[in-house]
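# Report on the structure
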Amino acid sequence: AGADRPRSAIKRSRFFYNDDGDRLVFLLKGPFHKRQLNYPVDVLVGTGVTTLVFCANMGSDQAYYPTRVASTLGWREVENTRRNPRFTHFNRLHEIGTMLRDRKIDVLGTVMRRAARHGLEFVPSLRINDTHFLNKVPPLEHPLTGEFWLKNRDLTIDGGALDFTHKKVREYRMGQVRELISGYATDGFELDFTRQPVVFARGTGRGKAKLVTEMVREARSLLDRKKRADGRPRFLIVRVPHKLTLCQFYGFDIGTWMTDNLVDYVVPASPDRYFQFHMPLGEFLDLAKRTGSRCRVVAGPDSYKASPSMYRAAMANFYSMGQRDTYLFNFFAARAEQREYYPFRDDDYALLRDLKSPVTLWGRPKHYMSNSWFPGSGVRVKEAGTAYRTDIHVGEDLAVCRDENILKSATLRVVMTGLQKGDVLEFALNDQPLAMADAKRDGMTFRFELSDQLPKLGNNQVSVIARKFASDMRPTMARVEVLTEFNITGVSTSAANSGDRRK
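Bear in mind that the values here come from a model prediction, so they are computed numbers and not experimental data.

### Some words on unusual backbone geometry
- A cis amide bond links Arg 195 to the next residue, Gln 196, at an omega of -5°.
- Unlike most non-glycine residues, Asn 261 shows phi in positive territory, near 50°.
- Position of Asn 261 among the secondary structure elements: in the loop between α10 (254-259) and β9 (265-268).
- The buried category is assigned to Asn 261, whose relative accessible area is 4%.
- Despite not being glycine, Asp 431 has its phi angle at roughly 70°, a positive value.
- Locating Asp 431 in the fold gives a position in the loop between β16 (424-429) and β17 (432-433).

Next up, the structure:
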């Protein structure tokens, strides 16, 4: 039956904005006001965002809604809240949670109704096995620890996460899913398996994948039941690790979910918080094609360390790989100082327009970074005379931009570490040597202004060859970047100097 289900809910492109809800409860300053519950919606009105994905719980276990299954917000006072002064994070969580319960305020319902009023789709999101309560302080002292965990510590994996091998654990989480779909899934529902992806003991995920698939299948059935009742299609989103091999390792059988048409959107997202410029979206798209699924694939990178130009570059990459929608996760986290998230800054609002589509990204500055830019993951130059390479994906056809006279500049920047005085290096782009005489060097950073020798649309290789080592020390190519600037009036300096190539 699933394979015959119509897909009218996913015809158009969507711009998903994932909000974890923490700001409403304990990250804003000063006394709590009920009007704060409107902020998640109001700040998005007029932007490119079409769909508010709102976390239903703080973590996985403290609900932003009246629940019969999970714990209520700030359900217990712990030593940390008594120690800390008023309006610190932990104390505010307990204090405001108590106030919300006493006044019977439904946070999730309030946000849902506000979204409907202002024309935004609303999707509650459930983090399947969030483990923030295991960080920073012991779980017995942490205010995010839920009652179910405290009473069922024997049903956990080494490290403390709940073990979904146990039916009791799966039924507990599905009880929350049933509550949320029944009461709040006005447009769709999200199962978030990336915060955090560990649901089985290490190395056992592949053999237990059917247990998670049963959960996904029931969520799909619940959404279809609502559609039969009111005629309104509802989509199911799954956030999963960003590589199919990782999905298989953890026990997420994406192939079956696609084959059986259980999911409408698959959102690959790295469990690592560092911002991603290159995800293997192709393997997810190819899997959807092979299985005959009509689900859509949309990258959901985290925000950590990302500037506006980096966001534009990554989204251009994802669109060039075949993505049709946009998904922002933790966008607020790196955009402003702690507890000063509302409203967004002006450049943030510009981003919420720019990231909407390839059209809105056209002619906007971008900052691409190599796949190996993560700290500690650079490419070490071990031997003289050997080319060492790293990949960098560029999701915009810079040659077209140049020929249309809007490309103001394209700069390749290579950052080395461990470089010794007297080391002699040469660089190449896609096996074409770069003129070292034209390179601008600042310490261990080499910069090349590109004009005719531009990166191609798609994957590029930057290589370094050591012609001479001055010592036994060996340098590392730590980061490769391409930075682009534009002048969309069509009179860019670099284009004018090189001539109009369309003539």
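### Here we look at the confidence of the model for the chain
- Summing up the model confidence of the chain, the mean pLDDT is 90 and the portion of residues at 70 or higher is 90%.
- Segment residues 1-8: pLDDT under 50, and 17 contacts once partners within four positions in sequence are set aside and those in other chains are kept.
- Across residues 499-503, where pLDDT falls below 50, the model places nine contacts with residues more than four positions away in sequence or in other chains.

### Structural notes on helix α13 (residues 346-354)
- Regarding α13, the residues found buried are Asp 348, Leu 351, Leu 352 and Asp 354. Taken down its axis, α13 places every buried residue within 165° of arc, on the same side.
- The elements touched by buried residues of α13 are β1 (15-19), α12 (308-321), β11 (326-329) and α14 (358-361).

### Describing the packing of aromatic side chains
- For the structure shown, the criterion picks out 22 aromatic pairs.
- Summarising the aromatic geometry, the rings of Phe 16 and Tyr 265 are spaced 5.0 Å apart at their centres and angled 75° between planes, so their arrangement reads as edge-to-face. With a gap of 249 residues between them, Phe 16 in strand β1 and Tyr 265 in strand β9 connect regions that are remote in the sequence. This pair shows no difference in class: Phe 16 is buried, exactly as Tyr 265 is.
- For the ring pair Phe 54 and Tyr 64, a centre distance of 6.2 Å and an interplane angle of 55° mean the geometry is tilted. In this pair, Phe 54 is assigned in strand β2 (residues 51-55) and Tyr 64 in the loop between β4 (62-63) and β5 (71-72), connecting sequence segments 10 residues apart. For the pair Phe 54 and Tyr 64, a shared accessibility class is recorded, and that class is buried.
- An aromatic cluster of three or more residues is present, and its members are Tyr 17, Phe 275, Phe 277, Tyr 311, Phe 331, Phe 344 and Tyr 349.

### With respect to helix α5 (residues 107-117)
- By the criterion of burial, α5 is predominantly enclosed, with eight of the 11 residues buried.
- Buried within α5 we find Val 107, Leu 108, Gly 109, Thr 110, Val 111, Met 112, Arg 114 and Ala 115.
- Looking one or two places after α5, you find Gly 119, whose phi comes out positive at around 80°.

### Examining the pairing of strand β8 (residues 235-240)
- For β8, the tally of buried residues reaches six of six residues, placing the bulk of the element in the interior.
- Alternating positions in β8 separate into two faces, Phe 235, Ile 237 and Arg 239 on one and Leu 236, Val 238 and Val 240 on the other, with burial throughout.
- Where strand β7 (residues 188-192) meets β8, five bridges bridge the pair, whose relative direction is parallel. Across the sheet, residue Glu 190 finds its bridge partner in β8, namely Ile 237.
- For the handedness criterion, the β-α-β arrangement of β7, helix α8 (residues 209-230) and β8 is classed as right-handed.
- Where β8 meets β9, four bridges bridge the pair, whose relative direction is parallel. Directly across from Arg 239, in β9, lies its bridge partner Val 267.

Cut-offs used in this document
Residues numbered from 1 in each chain as written. Predicted model: local features only at pLDDT ≥ 70, side-chain atom pairs only at ≥ 80, totals over all residues. Heavy atoms only, no water. Helix = DSSP H or I, 4+ residues; strand = E, 2+ residues; numbered from the N terminus. Buried < 20%, exposed > 50% of the residue type's maximum accessible area, 1.4 Å probe, protein only. pLDDT = per-residue confidence, 0-100. Contact = heavy atoms within 4.5 Å. Arc of directions from axis to C-beta. Phe/Tyr/Trp six-rings, centres within 6.5 Å; stacked < 30°, edge-to-face > 60°. Pairing = 2+ DSSP bridges. Right-handed = clockwise from strand over helix to strand, strands pointing away.

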